[in-house]
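Take a look at the letters that make up each chain.
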Amino acid sequence: MGWRKSRMANTATEASLDLHIEGMTCASCVGHVERALSRVVGVTGVNVNLATERAHIELADGTDTAGITPQLISSVEKAGYDASLLTTDATAIDDKEEERNNLQRQLWIAALLTLPVFLLEMGGHLIPALHHWIIATLGNNHWIIQAILTTWVMFGPGQVFYRKGLPALFRLQPDMNSLVALGSLAAWGYSLVATFKADWLPAQAVHVYYEAAAVIVTLILLGRLLEARAKGRTSEAIRQLIKLQPHKAQRLRDGQPEEVDVTALKPGDVVLVRPGERIPMDGQLLEGQSYVDESMMTGEPLPINKKAGDNLIGGTLNTTGSLTYRLTHVGKDTLLARIIQLVEQAQGSKLPIQAVVDQVTRWFVPAVMLIALVTFAVWLAVGPQPALSFALVNAVAVLIIACPCAMGLATPTSIMVATGRAANLGILFRRGDALQTLAEVRVIAFDKTGTLTQGKPELTDFIVADGINSAELLALAAAAEQHSEHPIAQALIKAAAAQALTLPRLLQFEAIPGFGLKAKLETPAGEQILYIGADRLMVHIGLAIDSLSANAERLAHEGKTPIYLAVNGRVAGIMALADTIKPGTREALDTLHQLGYKLAMVSGDNTRTAQAIARQLGIDDVVAEVLPEQKVNVVKTLRQRKGKIAFVGDGINDAPALAEADVGLAMGTGTDIAIESADVVLVRGDVNAVAQGLGLAQATMRNIKQNLFWAFAYNVALIPLAAGLAYPVLGILLSPVFAAGAMALSSVFVVTNALRLRSWRAT
């Protein structure tokens, strides 16, 4: 993905850079990397994400991205981690799969070596007969066997903890690896002394804890493998999107298809897509008709009927017929590529709630080390005999139990899964923090035209005077308007086509500026003179409209535009055109009302029309006849009165309001400018997606709070237990082995809880 121009609204930076970071294991690692990157001159903002292993760096205006990249990578490496320019493709995903496979191999080796150590030490305690057999067969040599196997575990599969953790400790930037390294080395070193230099210790303190060191390493490797597998599933949305794009395409040259790599395609190329094949790039259909499955891109469950002139989306599946189409967008300009980029950006974002976690975890690891040191000193000073053994075991348990992995994963894993699920539903979060803000909004303001309504007028009513044939009058009107591009003309032609009417021949056409039109038409009954216009045209030509005025008043009250028709000097009928409400809009707004939201509509249309639409939809507040720049003030006013606000729009005139709102939601069927100004893009242009987005945002915040509660409560509750505070009262001590298992499971719990969002559905 490399570097790109920053697309964030209201930012002082011009460019941004994304790095892939390797070696991070906990929340404190994130803090170390962020501080290292922040110190590089030219960096104005840094966001490091543990779950995505990604660093997003905002750069000052004019910064040379190519020149600063080596400095950024060097800074990360000096902090003890590996960095490279971010790439998101199948190769990168395969690399992560190879990492998981390697981790699994290391775990198997560690487990096979640890098992005999565990049986030799703990088996003897649990089964007296086994203990007698070990002593009779091996004597004290079984300690030597344990020492060899444990050393192999620690410096073979477990070497990563020491390679990363000890240098971090020496840099005074300890992380999770440092805690594991200190805990396991302490248990291993103490055991070596007890095995080979027992006279250095008091007689009652000569014990070995090889099984603790070996099991700690093995269990934490197990936790990392489970965590890696779960994190792999959080990126499933990206993986599936990448797989949508085919590698080959059938390009037409002189009418003959030739198979080419999709990277060779250019705008203007003509491509053939057969049934069952995926559409390579975005374009416009030239020939053929077929049903295209766009579900993975838009969330629309049913295939869409495509015919000549329709747009095709790259990555969607052609199901029934052959299609020939011309490419309009290729490579990174396609909708699929933009969706992948938006999902990546959202997944790498940091929510405001994460700031609290960052503050806590920055000091957490040093605080744990201090607690472990105090625990060791107190047990050594006042603990029962063998005090040295008790001091060691409890200090190691504190170090192991407190690893802040779960804290670092609590927020980003939920964001990854939620934004991926949203993409499947046709909802694209351009910024991950919009999830939190969207969950906090109290009022939702909608643009009217193109958002709640179709954005183009349709013939809604056609009322004729006594003795007039409705079909004949509609055919006359459509024939008179057939050469016009005016929206009214298009609505009439569409209505006539729906009834399969035969249009009479147009003999003469005359526009009457400010009033309407006059037309002469040839019909089987002879020539007809037709007038079409508002009531003032009828008055202008001297015709009375009393017989239809009541109907006209009713239509106007409903927000429709009444238009009169006169034939051969007689008022023949009245028709109404209106921008009709999109299907399903009323149901979607009812759902939002039931969820407790206040709804507003902001429109540049006249007040009567806007209020009529609002009555039909049950909208609470209507602000009409506003200019684009005035919509910003309306958003500000609504926010002051009712709290955080989301604005939903689709046009260029909505861009300022989308940017001003706490969360801007743009219809994906709208303009690029509106989409670029929004925080959330609704690909389908369906108001139902607003309710889905709000519901998913609320579910995500609940999920994050559950994760954070578990991560914090877990550490707060178990550190005192690991330190041995329950021993004087209950006689309970937490073994380092159980501490390692509990620590690993805490991370797995957090990631697994986040994965529940993959199956989220609106209720």
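Up top you'll find the structure we're talking about.
Parameters at a glance
Residues numbered from 1 in each chain as written. Predicted model: local features only at pLDDT ≥ 70, side-chain atom pairs only at ≥ 80, totals over all residues. Heavy atoms only, no water. Pairing = 2+ DSSP bridges. Helix = DSSP H or I, 4+ residues; strand = E, 2+ residues; numbered from the N terminus. Axes fitted to C-alpha atoms, helices over the stretch in contact; angles between N-to-C directions. Contact = heavy atoms within 4.5 Å. Phe/Tyr/Trp six-rings, centres within 6.5 Å; stacked < 30°, edge-to-face > 60°. Buried < 20%, exposed > 50% of the residue type's maximum accessible area, 1.4 Å probe, protein only. Salt bridge = Lys/Arg side-chain N within 4 Å of Asp/Glu carboxyl O.

A. Up close: the sheet that holds strand β17 (residues 453-464). Taken together, 6 strands build an open sheet; the order of strands is β17-β22-β21-β20-β19-β18 and the sheet is antiparallel. The two strands at the open ends of the sheet, each matched to only one other strand, are β17 and β18 (505-512). When strand polarity is set aside, the average angle formed by the axes of neighbouring strands in this sheet is 20 degrees. Examined bridge by bridge, strand β19 (residues 516-523) and strand β20 (residues 526-533) share 8 bridges and lie antiparallel to one another. Within the sheet, the bridge partner assigned to alanine 519 lies in β20 and is leucine 530. Relative to β20, helix α17 (residues 470-481) is tilted by about 75 degrees, and along the sheet it contacts β17, β18, β19, β20, β21 (561-567) and β22 (570-581).

B. Structural detail: the environment of leucine 506. Structurally, the position occupied by leucine 506 is in strand β18. Sequence separation of leucine 506 and glutamine 482 is 24 residues, and the distance between their C-alpha atoms is 8.9 Å. Leaving out residues up to four positions away in the same chain, leucine 506 has contacts with Ala479, Ala480, Gln482, His483, Ala519, Lys520 and Leu521.

C. Here's a closer look at the packing of aromatic side chains. Here the structure, examined in full by the defined rule, presents 6 aromatic pairs. Pairing tryptophan 379 with phenylalanine 390 gives two aromatic rings, centres 5.5 Å apart and planes at 15 degrees, and the pair type is stacked. Residue tryptophan 379 is located in helix α12 (residues 354-382), and its partner phenylalanine 390 is located in helix α13 (residues 387-401); the two are separated by 11 residues in the primary sequence. Residue class for tryptophan 379 comes out buried when judged on its relative accessible area of 8%. Here the aromatic residues Phe155, Tyr162 and Trp188 are joined through ring pairs into a cluster of three or more.

D. Local environment of the pattern of salt bridges. Overall, the coordinates contain 14 salt bridges when judged by the stated rule. Note that glutamate 258 is salt-bridged to arginine 251, the shortest N-O span being 3.2 Å. For arginine 251, a relative accessible area of 9% gives the class buried. For the salt bridge of arginine 639 with glutamate 660, the shortest nitrogen-to-oxygen distance reads 3.2 Å. Note that arginine 639 is positioned in helix α23 (residues 628-642) and glutamate 660 in helix α24 (residues 655-660), a separation of 21 residues in sequence. The class of glutamate 660 is partly exposed, set by a relative accessible area of 24%. Linked by salt bridges that have partners in common, Arg251, Glu258 and Asp269 make up one network.

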